[in-house]
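# Architecture at a glance
Each chain is listed here by its residues.
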Amino acid sequence: MKILFLVYHGFSEVSGISKKIHYQVKGLRENGHEVHLCYYGFAPDGHRCRYVDGHVLKDYGTGLLAALRQRMDYGDVYNYCIRNGLEFVYARSFQNANPFLIRFFRRLRLAGIKAVTEVPTYPYDHEFDNFGLGARMELKVDQMFRNRLSREMAAIVTFSDATRIFGQRTIRISNGVDFDSIPLHCYQPPQDGSIHLVGVAEVHLWHGYDRLIAGLGEYYRLTARPRQVYFHIVGGVHPYERYRANDYHPGLQAIIDRYGLQEHIIFHGQLFGEPLDQVFNQCVFAIGSLARHRSGITVIKTLKNREYATRGIPFIYSEQDSDFDNRPYVLKAAADESPIDVARILDFIDRHHFNPQDIRQSVSHLAWKRQMELVIGQA
């Protein structure tokens, strides 16, 4: 089958989302499909362009008019599909439903080209609560048109348990993993006996890292002879998350300063490749999302849980995830605002010694090849 994988943004080599999209494309190709990747980005000369497989499909130019045109003009994408005999379009939602997208997908449907849209998180409205006015206005537009857009789809792809989203039936899959790209965890215990935890994310409120930091502060405050525990945060941390108060916490830095944890919380920024592996290998336990409930989500199959399991490192999270809820290498946290009980994590680490290969083997069925096969089979 000839497939167009449609993305409404560009890519970054350090972005987990970017890597995921490329692994999904790889998974489709491993199933024998001819896949072309269509995305939006900036050319070296600053022009806004839409690309297919690295080649410019449409150059919109520069300035405000160019920015508007790329949101409204999908004629070249439609023509590309018709000209090249595309049979299927897999689109990844950017919370960007609008009349122009509706017209584009309606034309595809009438031409006999089937389409699905992946909604990465659902529901997602509350994820915008602390975003700027521009992002919240874009969400309002999306809310106005997303049901109509969904009617043009064969299905909505979701990582939740929802059977219908925006009035359309769903194809429920798990976030997948690419085993070729994730090395096995090789724990190297520090000689001083300290315990190192790691969390990898582009940090937002729903990751709940404030709960872990506050929990570490309470552990030191209440424990007579505490062990040395360090939390490594890998990924971008938005300024409003680190320094500004919000509805849930006064800012990560304020919590760190309150408890005197400056030496125990390490912000690495974005890492990939060997530097990322080095951080993982000094850590014995990983931190997943601890506050998905803040964005109104109770059930989700996050990419990060699967990446941790593929590495072979035990981890903690608070949402409901049927792939992991009963796994012995997982510690579940309450989906509330309480500080995380760090003593409980340390006890879990002391009582369990997991073989990384065994953890990795437990998620062999989550390979992207299998997950994307499910999409095509149910569309």
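Up top you'll find the structure we're talking about.
Attention in this report is confined to the structure presented alongside it. (Residues numbered from 1 in each chain as written. Predicted model: local features only at pLDDT ≥ 70, side-chain atom pairs only at ≥ 80, totals over all residues. Heavy atoms only, no water.)

Next up on the list: the environment of His-22. With respect to the element layout, His-22 can be found in helix H1 (residues 16-30). By relative accessible area, which is 38% here, His-22 ends up partly exposed. Placed 15 residues apart in sequence, His-22 and Leu-37 show a C-alpha to C-alpha distance of 8.7 Å. In contact with His-22, other than residues within four places in its own chain, are Phe-11 and Leu-37. (Helix = DSSP H or I, 4+ residues; strand = E, 2+ residues; numbered from the N terminus. Buried < 20%, exposed > 50% of the residue type's maximum accessible area, 1.4 Å probe, protein only. Contact = heavy atoms within 4.5 Å.)

A few words on the packing of helix H6 (residues 209-222) against helix H11 (residues 342-351). What describes two packed helices is the angle between their axes and the distance between those same axes. Where H6 meets H11, the axes come as close as 8 Å, and the angle between the chain directions of the two elements is 90°. Judged on the interaxial angle alone, H11 and H6 are roughly perpendicular. Facing Leu-212, Gly-215, Leu-216 and Tyr-219 of H6, the residues of H11 in contact are Val-342, Ala-343, Ile-345 and Leu-346. Looking at the contact of H6 with H11 residue by residue, the class counts come to seven nonpolar, one polar and no charged. (Axes fitted to C-alpha atoms, helices over the stretch in contact; angles between N-to-C directions. Parallel < 35°, antiparallel > 145°, perpendicular 65-115°, else oblique. Nonpolar A, V, L, I, M, F, W, Y, C, P; charged D, E, K, R; others polar.)

Counting 52 residues, the largest nonpolar core has Leu-197 and Phe-285 as its most contacted members. For this core, the element with the highest residue contribution is H6, accounting for seven residues. Counting 33 residues, the second-largest nonpolar core is a separate cluster that includes Leu-139, Met-153, Ala-162 and Phe-166. (Core = buried A, V, L, I, M, F, W, Y, C linked by side-chain atoms within 4.5 Å.)

This structure, assessed with the given rule, holds 23 salt bridges. With a closest N to O distance of 3.0 Å, Glu-118 and Lys-20 form a salt bridge. Separated by 98 residues along the polypeptide, Glu-118 in strand S6 (residues 114-119) and Lys-20 in helix H1 bring together distant segments of the chain. This pair shows no difference in class: Glu-118 is buried, exactly as Lys-20 is. Salt-bridge contacts for Arg-109 lead to Glu-152; the nearest nitrogen and oxygen are separated by 2.8 Å. Taken together, the residues Arg-109 in helix H4 (residues 99-110) and Glu-152 in the loop between helix H5 (133-150) and strand S7 (155-158) connect sequence positions 43 residues apart. Given a relative accessible area of 8%, Glu-152 falls into the buried group. One network of salt bridges, with partners in common, ties together Lys-301, Arg-306, Asp-321 and Asp-323. (Salt bridge = Lys/Arg side-chain N within 4 Å of Asp/Glu carboxyl O.)

Next up on the list: the layout of surface pockets. When its volume is computed, the second largest pocket comes out at roughly 270 Å³. Together, 14 residues line the second largest pocket, and Tyr-187, Val-284, His-352, His-353 and Phe-354 are the ones closest to its centre. (1 Å grid on protein atoms, 1.4 Å probe; cavity = no way out; pocket = protein on both sides within 12 Å on 5 of 7 lines; lining within 4 Å. Points joined across faces, edges and corners; volume = space filled by probe spheres on them.)

An α-helical turn contains 3.6 residues, so a residue and the one three or four places further along point in the same direction. Taking 1.5 Å of rise per residue, the 15 residues of H1 would be expected to cover 21 Å, and the 21 Å separating its terminal C-alpha atoms lies within 8% of that figure. Looking at H1, one finds that the buried residues are Ser-18, Lys-20, Ile-21, Gln-24, Val-25, Gly-27 and Leu-28. The inward-facing, buried residues of H1 contact strand S1 (2-6), strand S2 (34-42), strand S5 (88-92), S6, helix H10 (303-311) and helix H13 (368-378). In the segment just after H1, Gly-32 is the residue with positive phi, at about 95°. (Expected span 1.5 Å × (residues − 1).)

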